[in-house]
Every structure is written in C-alpha cells, then in structure tokens.
Amino acid sequence: MPDTLTYRNEAPKLLPLYARALSRKGGRGASDITLPELSARLVGAGTSSPALDRFQAICGAPQTRHLPITWPHLIAFPLHLRLLTDKQFPLPLLGLVHLRNTITQHRDIGRGEILDLNVRLGAQERTSRGIEFDLITEAYASGRLVWEESSVNLFRQPAPDEGANKGKSAPPKLERYPNTLDVSAPEAIGRQYAAVSGDRNPIHMHALSAKAFGFPRAIAHGMWSKARVLALLQQQPGWRAGPVRVSCQFKKPLFLPGTAQLNWQAAASGWDYQLLNAKGDAPHLSGRIDWL
C-alpha cells in the first residue's frame, strides 16, 4: 500500500489543488478504470475557528460547547480534495456527483478539541450509472475514534450495453411524515458555504457558472442542506444526546434562491427525515437518524 500523505497541524492549501483540478483531463474508458489506494492524514487539527462561528450562522446551528455533527467533514475537506486531485486518481474532480453521506459520531466533540484525521479511498463499484466509490474519513481524539464518515461519489459513465432508449423505472411513491418546517435557501448561500467549507464547485457559486455545467441556476451544496436539516432537527422535542448515526441520500438539486420543506417523523427506533421541494412532491434529500 502506498505511503499515507501526512500533514501536521495545517491542511494542504486549497488553491493549488483547485488549479490541479482544472488542469485534469476526463476519465479513461470504462474498462480500464481502477482507483488506486490513496490515503492522507492530518495530525493535530484544531476544531475551533472564526469559520466555525460563520458555519453555525449560515446553517442555523445553535451555539453550544460541542461541534456540529458535520463540522469534521469541513476540516477534512482539503484532504478529500488532495486525494481527488492526486496524479494517480484517474477521474476528473469536476463532474463527480455526491450520492450518499453517512456520519457516525461516537461521542460529542468539544469545541477546541484537537483531532487527528485520516482519509482514504474505499470500495469501488460499477453500476448502471457509472463508477461509484467511497471516500472514508475518520477522526480520532487522544487515539480514540470519535467520528467517522462515508461519502459515496459517482463518476457518470453508463455501461456500453445500457441503451439510450432503455426505459426508466418509476420512482417509489413519496411517503409523507407528520412533521414539517419551511426551509429557505438564499441566493448567496452557496457562496457563503463555500467560504467556510472551501468547496468552490462552480455549480454552487453563481447562476452563470452553474449554467456552464447544465444547471439553470446555482444549486445548494448537499452538505449545507444536510447541516441545515440537522440544525433544525436538533432543536425539536425528543432529540437525544449521545452517539448517533446520520445517513443521507442526495436526490434532486435545490436551486438558489429557493424554498423547501423539512419533513420528518420521530420514533423510538430512530427518526426518518426528508427535505422536499416547495410543493412537497419531490425530495432534495432523504435520510435517517439512529441513536447508538
């Protein structure tokens, strides 16, 4: 296995990584793509910064002595970008689609705690839509695993035998839950989230840059939507402290500016949630919360 890229106290700078991403060519043919074993580590990562306060403000997360559940994802983002722009990584960064995200928090992480972060490429799978692969992140405090994440991404590349006229199956019937809150996504939220996360994908920044990638307007970051949903759910009666797993599947884009409906049901076994469009008839994302 190749040596792990190791950084101490400070993550790699994002600007050179984005320059590398823009210079990359498209992916190779369907038959010869095998993702390499790549990993990176950040030792001694700080967890409190002015960016954290801005993140909590734009996601509506309450100020507490603990980190928001998705915050370690942002700390690890430069490591993610480092692997996805590595010269051995055969796929282009622009055009990758974030399909699913699962975070398991084994205990609350205090503001100011020092973390060691490990990131690696995980399993790869060929599907009818293309190549799906896992990006795995682990956070350790004093040598103990306190937080971990699986992010499944897609490189679109339909199999040769998938005909253009092949019929698509009907989407499953949308289930409605008893609780609903309105969610607003301002036009500038993509730029605001990019400023604190470092994720400056053009599809999130401006309508003009999003149109270059086939979108009529800019779309909200999927991880902002997840963080916003969590911020609202954590303020509802019945939310519990302690170890928790939060899974999420990203569906239809949330165009900016836009409004959505957070729809959920709470049960003893866990909570189901979904972020629906303004009409309430199509999901932007759906997921589940399980206390461990």
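The text that follows walks through the structure, step by step, so that each part is easy to find. In this text the structure is predicted, and so the values were computed from the model without any measurement.

Definitions and cut-offs
Residues numbered from 1 in each chain as written. Predicted model: local features only at pLDDT ≥ 70, side-chain atom pairs only at ≥ 80, totals over all residues. Heavy atoms only, no water. Helix = DSSP H or I, 4+ residues; strand = E, 2+ residues; numbered from the N terminus. Rg over C-alpha atoms; globule rule 2.2 N^0.38 Å. Buried < 20%, exposed > 50% of the residue type's maximum accessible area, 1.4 Å probe, protein only. Contact = heavy atoms within 4.5 Å. Areas by Shrake-Rupley, 256 points an atom, 1.4 Å probe, with all protein chains shown as cover. Lys, Arg positive; Asp, Glu negative; His and termini not counted. Charge placed at Lys NZ, Arg CZ, Asp CG, Glu CD. Core = buried A, V, L, I, M, F, W, Y, C linked by side-chain atoms within 4.5 Å. 1 Å grid on protein atoms, 1.4 Å probe; cavity = no way out; pocket = protein on both sides within 12 Å on 5 of 7 lines; lining within 4 Å. Points joined across faces, edges and corners; volume = space filled by probe spheres on them. Nonpolar A, V, L, I, M, F, W, Y, C, P; charged D, E, K, R; others polar. Expected span 1.5 Å × (residues − 1). Bend = angle between axes of the 7 residues up to and from the residue. Axes fitted to C-alpha atoms, helices over the stretch in contact; angles between N-to-C directions. Parallel < 35°, antiparallel > 145°, perpendicular 65-115°, else oblique. Left-handed = near helix turned anticlockwise from the far one by under 90°. Salt bridge = Lys/Arg side-chain N within 4 Å of Asp/Glu carboxyl O. Polar contact = N/O pair within 3.5 Å; in protein donor to acceptor, adjacent residues only side chain to side chain. Pairing = 2+ DSSP bridges.

Looking at the overall build of the chain
- For the chain, the count of helices and strands is seven helices and 11 strands.
- A globule of 292 residues ought to have a C-alpha radius of gyration of about 19 Å, and the chain, at 19 Å, matches this closely.
- Reported as C-alpha extents along the three principal axes, the dimensions of the chain are approximately 50 × 50 × 35 Å.
- Here the chain holds 292 residues, and 48% of them are scored as buried.
- A separation of at least 24 residues holds for 74% of the contacts in the chain among residues at least 6 apart in sequence.
- Split by element, the accessible area of the chain, about 14,400 Å² in all, is 52% carbon and sulfur.
- Here the chain contributes 35 positive and 24 negative side-chain charges, whose respective centroids are spaced 4 Å apart.

Looking at the nonpolar core
- If you look at the biggest cluster of nonpolar residues, it comprises 74 residues, and the most contacted ones within it are Phe55, Leu117, Leu233, Leu262, Tyr273 and Ile289.
- Among residues more than four places away in sequence, those in contact with leucine 262 are Asn179, Thr180, Leu181, Val183, Val229, Leu232, Leu233, Tyr273, Gln274 and Leu275.

Here's the deal with the layout of surface pockets
- Here the second largest pocket defines a volume of roughly 430 Å³.
- Along its surface, the second largest pocket is lined by 21 residues, and Ala11, Gly46, Leu74, Ile75 and Pro78 are the ones closest to its centre.
- Elements represented by at least two residues in the lining of the second largest pocket include exactly β2 (39-45), α3 (71-84) and α4 (189-197).
- Looking at the lining of the second largest pocket residue by residue, the classes come out as 12 nonpolar, seven polar and two charged.

Remarks on α3
- With 14 residues, α3 extends 20 Å from end C-alpha to end C-alpha; this agrees with the ideal 20 Å at 1.5 Å per step.
- If you look at α3, its biggest bend is around 45°, right at phenylalanine 77, and the proline proline 78 turns up within four residues after that.
- Counting buried positions over the 14 residues of α3 gives 14, a clear majority of the element.

What to know about the packing of helix α2 (residues 50-59) against α4
- With their axes 9 Å apart at the nearest point, α2 and α4 run at an angle of 155° to one another. Here α2 lies roughly antiparallel to α4, going by the angle between them. Crossing hand, α2 versus α4: left-handed. Contacts between α2 and α4 pair Ala51, Arg54, Phe55 and Ile58 from the former with Ile189, Gln192, Tyr193, Ala195 and Val196 from the latter.
- Of the residues in the contact of α2 with α4, the class split is seven nonpolar, one polar and one charged.

Describing the side chain of glutamate 149
- The residue glutamate 149 is located in strand β6 (residues 144-156) in this model.
- Of the buried charged residues, glutamate 149 lacks a salt bridge, with lysine 226 as the closest side chain of opposite charge at 6.2 Å.
- A distance of 2.7 Å separates the side chain of glutamate 149 from the side chain of histidine 73, its partner in a polar contact.
- A polar contact is formed between the side chain of glutamate 149 and the side chain of asparagine 101, at a distance of 2.8 Å.
- Excluding residues that lie within four positions of it along the chain, glutamate 149 makes contacts with His73, His80, Asn101, Thr102, Ile103, Leu135, Ile136, Thr137 and Met223.

Notes on empty space enclosed by the protein
- Overall, the coordinates contain one cavity of 30 Å³ or more when judged by the stated rule.
- Residue lining of the largest cavity: Phe55, Cys59, Ala61, Pro68, Ile69, Thr70, Ala227, Leu230, Ala231 and Gln234, and that is the complete set.
- Among the secondary structure elements, those contributing two or more residues to the lining of the largest cavity are α2 and α7 (222-233).
- A total of three residues in the lining of the largest cavity trace back to one element, the largest contributor, which is α7.
- Classifying every residue of the lining of the largest cavity gives eight nonpolar, two polar and no charged.

Examining the sheet that holds strand β7 (residues 179-185)
- Strand order in this open sheet of 11 strands is β1-β2-β4-β5-β6-β3-β8-β11-β10-β9-β7, and the pairing throughout is mixed. On the outer flanks of this sheet lie β1 (5-8) and β7, each paired with one strand and no other. Recorded for the sheet is a direction-independent mean angle of 15° between the axes of neighbouring strands.
- By the bridge criterion, five bridges tie β2 to strand β4 (residues 115-127) in an arrangement that is antiparallel. Counted as the bridge partner of arginine 41 is asparagine 118 from β4.

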